[in-house]
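Breakdown of the fold
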Amino acid sequence: MGNLSRLSSAVTRSISAENFTGEKGKGGMATEGTGAGAARDLGQGWKISPSIRMEPNKTYTIAEIDGSGAIQHMWMAGPTYCRFIIMRIYWDDNENPSVECPMADFFADAYTHPNANVSSLAVCRTPKTGMNCYWEMPFRKKCRITMENVGFDDAYLYYQITYTLTEVPDDCAYFHAQFRRTNPLPYKEDYTIVDGIKGKGHYVGTYMAWGVNSCGWWGEGEIKFFMDGDKEFPTICGTGTEDYFGGSYNFDIGGKYQSYTTPYCGMMAYAPDGLYNSQQRFSMYRWHITDPIRFENDLKVTIQALGWRSGGRYLPLQDDIASVAFWYQTLPAAKFPEFPTRDELEIC
């Protein structure tokens, strides 16, 4: 906030269903759209195109920006099951997306629970389906954002993408976000949050949607950051799953999980009756905003799924785990793994 009083030659623009191109003086001019019926007595300028209707199995370009600048804020709302809405962002001339992620997971709420509010610096999830992103996303030539509806039904998307057009410093890297899911995790295997990152950059956040397929405590596993040539052992190794997400001792007070949301970390528990029953689900985020994990050449991030068995021994778990890795790096980035199918995305 200390820079807000400083004047700048940058210009602010915003793309929405009321101004598809973000052009100056071109907002609110629609004569047809999803609000045309409600505005039939009022006419042009009265909320005629507040959203778009996305048909199943189609991809829509919701933003295409030429020039140099940065996305500063994204707000989206509408679909109640956002796992089937896939967001992709392409920077400059790159043919491969640097962001490829279900809308729900990108905004830190894979389970799209209407009461799961998230109050963090990077992402805010608000009632009822409000989703806000504050990650800065610079680009030097162009930016393209698409949304694909892989579901069976029409989806209505409300959105506002606010950006600045300005010069981008040479030392600014490009924003990336990659989704993965493994269900179930093979026995005695670590879950891979991200792998194959090549280039220079810094890792800035993790979101995880964790479905527990067994009874008992599930979060003894360590997160590991393999960087710049690390092989068998990582440079950074955490002490436990709940520790990495800013909690401790099972997130448990008085025999119940305690959900929390803070600027840098949070956890939302979706638990059946009882503390340690099977089929509990957890939505967790950890933003490395003040402590980015920097790498020069490469990065791999894994986490263990680890519980307890008899005799005071660890139990490797076979849980349903999904994640989004957030990082900045130089271009070109390595091509992402093949994206999951609709059935592989669905949470049942």
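For the structure, see preceding data.
Because the structure is predicted, anything quoted here is derived from the model rather than measured.

**Digging into the overall build of the chain**
Across its full length, the chain holds three helices and 27 strands. Over its C-alpha trace the chain gives a radius of gyration of 21 Å, about what one expects of a compact globule, namely 20 Å for 348 residues. By its C-alpha atoms, the chain is 70 × 45 × 40 Å across when sized along the principal axes. The burial tally for the chain puts 50% of its 348 residues in the buried class. In the chain, of all internal contacts separated by at least 6 residues, the share reaching a separation of at least 24 is 74%. Averaging the coordinates of the 32 positive side-chain charges in the chain and doing the same for the 41 negative ones gives two points 2 Å apart.

**Section: the environment of K231**
Residue position: K231 is located in the loop between β16 (223-227) and β17 (236-237). Judged by relative accessible area, K231 falls into the exposed class, the value being 73%. Sequence separation between K231 and K300 is 69 residues, and the spatial gap between their C-alpha atoms is 9.9 Å.

**Quick look at a negative patch on the surface**
Taken together, E338, D343, E344 and E346 make up a surface patch of like negative charges. Position of E344 relative to the elements: it lies in helix α3 (residues 342-345).

**Examining the sheet that holds strand β14 (residues 191-198)**
If you trace the four strands from one edge of the open sheet to the other, you get β14-β24-β16-β17, paired in antiparallel fashion. Either end of the sheet is taken by a strand with one partner, and the two such strands are β14 and β17. Taken together, the two bridges between β16 and β17 define a ladder with antiparallel strand orientation. Along β17, the bridge assignment pairs F225 with I236.

**Here we look at the pairing of strand β27 (residues 320-329)**
The element β27 is largely enclosed, with a buried count of ten among its ten residues. Neither face of β27 is open: one carries D320, A322, V324, F326 and Y328, the other I321, S323, A325, W327 and Q329, and all of them are buried.

**Looking at a nonpolar patch on the surface**
A grouping of L121, Y264 and I289 is seen on the molecular surface, where their side chains present a nonpolar patch of about 250 Å² in accessible area. Tracing the backbone shows L121 in the loop between β7 (118-119) and β8 (123-126). The exposure class assigned to L121 is partly exposed, which follows from its relative accessible area of 44%.

**Section: the pattern of salt bridges**
Taken as a whole, this structure holds eleven salt bridges when the rule is applied. Put simply, E100 and R88 hold a salt bridge, and the shortest N to O gap is 2.8 Å. Taken together, the positions of E100 in strand β6 (residues 99-102) and R88 in strand β5 (residues 85-91) put the pair twelve residues apart, joining distant regions of the chain. Between K141 and D93 there is a salt bridge, with the nearest N and O atoms lying 3.1 Å from each other. Here K141 is found in the loop between β10 (137-139) and β11 (142-149), whereas its partner D93 is found in the loop between β5 and β6, with 48 residues between them in sequence. Salt bridges sharing partners connect three or more residues here, namely R53, E55, K58 and D154.

**What to know about the layout of surface pockets**
Considering only enclosed or pocket space, the largest pocket measures out at about 410 Å³ in volume. Along the walls of the largest pocket sit 16 residues, with A70, Q72, E136, T164 and T166 positioned nearest its centre. Per-element tally for the lining of the largest pocket: the top contributor is strand β4 (residues 69-77), with four residues. Split into classes, the residues belonging to the lining of the largest pocket amount to eight nonpolar, six polar and two charged.

**Quick notes on empty space enclosed by the protein**
A complete count under the given rule lists one cavity of 30 Å³ or more for this structure. In this structure, the largest cavity occupies an estimated 40 Å³ of space. In terms of lining residues, the largest cavity is bounded by R83, Y111, R181, A209, G211, R281, D320, A322 and I347. Mapped by element, the contributors of at least two residues to the lining of the largest cavity are β15 (201-211) and β27. Within the lining of the largest cavity, the residues separate by chemical class into four nonpolar, one polar and four charged.

**Overview of the environment of A39**
Structurally, A39 can be placed in the loop between β1 (11-16) and β2 (52-54). Residue A39 is classed as buried on the basis of its relative accessible area of 5%. When the C-alpha atoms of A39 and S49 are compared, they prove to be 9.7 Å apart, with ten residues separating the residues in sequence. Sequence-distant contacts of A39, defined by excluding residues within four places in its chain, comprise W46 and I48.

**Digging into the packing of aromatic side chains**
Within this structure, the stated rule accounts for 26 aromatic pairs. Relative to F139, the ring of W91 has its centre 6.2 Å away and its plane inclined at 5°; by these criteria the two rings are stacked. Residue W91 is found in strand β5, and its partner F139 is found in strand β10; the two are separated by 48 residues along the sequence. Accessibility expressed as a relative area gives 0% for W91, which makes it buried. Among the aromatic residues, those joined into a ring-pair cluster are F106, F107, W135, F175, Y285, W287, F326 and Y328.

Reading guide: rules and limits
- Residues numbered from 1 in each chain as written.
- Predicted model: local features only at pLDDT ≥ 70, side-chain atom pairs only at ≥ 80, totals over all residues.
- Heavy atoms only, no water.
- Helix = DSSP H or I, 4+ residues; strand = E, 2+ residues; numbered from the N terminus.
- Rg over C-alpha atoms; globule rule 2.2 N^0.38 Å.
- Buried < 20%, exposed > 50% of the residue type's maximum accessible area, 1.4 Å probe, protein only.
- Contact = heavy atoms within 4.5 Å.
- Lys, Arg positive; Asp, Glu negative; His and termini not counted.
- Charge placed at Lys NZ, Arg CZ, Asp CG, Glu CD.
- Patch = residues over 30% accessible without salt bridge, like charges linked within 9 Å, V, L, I, M, F, W, Y side chains within 5 Å.
- Areas by Shrake-Rupley, 256 points an atom, 1.4 Å probe, with all protein chains shown as cover.
- Salt bridge = Lys/Arg side-chain N within 4 Å of Asp/Glu carboxyl O.
- Pairing = 2+ DSSP bridges.
- 1 Å grid on protein atoms, 1.4 Å probe; cavity = no way out; pocket = protein on both sides within 12 Å on 5 of 7 lines; lining within 4 Å.
- Points joined across faces, edges and corners; volume = space filled by probe spheres on them.
- Nonpolar A, V, L, I, M, F, W, Y, C, P; charged D, E, K, R; others polar.
- Phe/Tyr/Trp six-rings, centres within 6.5 Å; stacked < 30°, edge-to-face > 60°.

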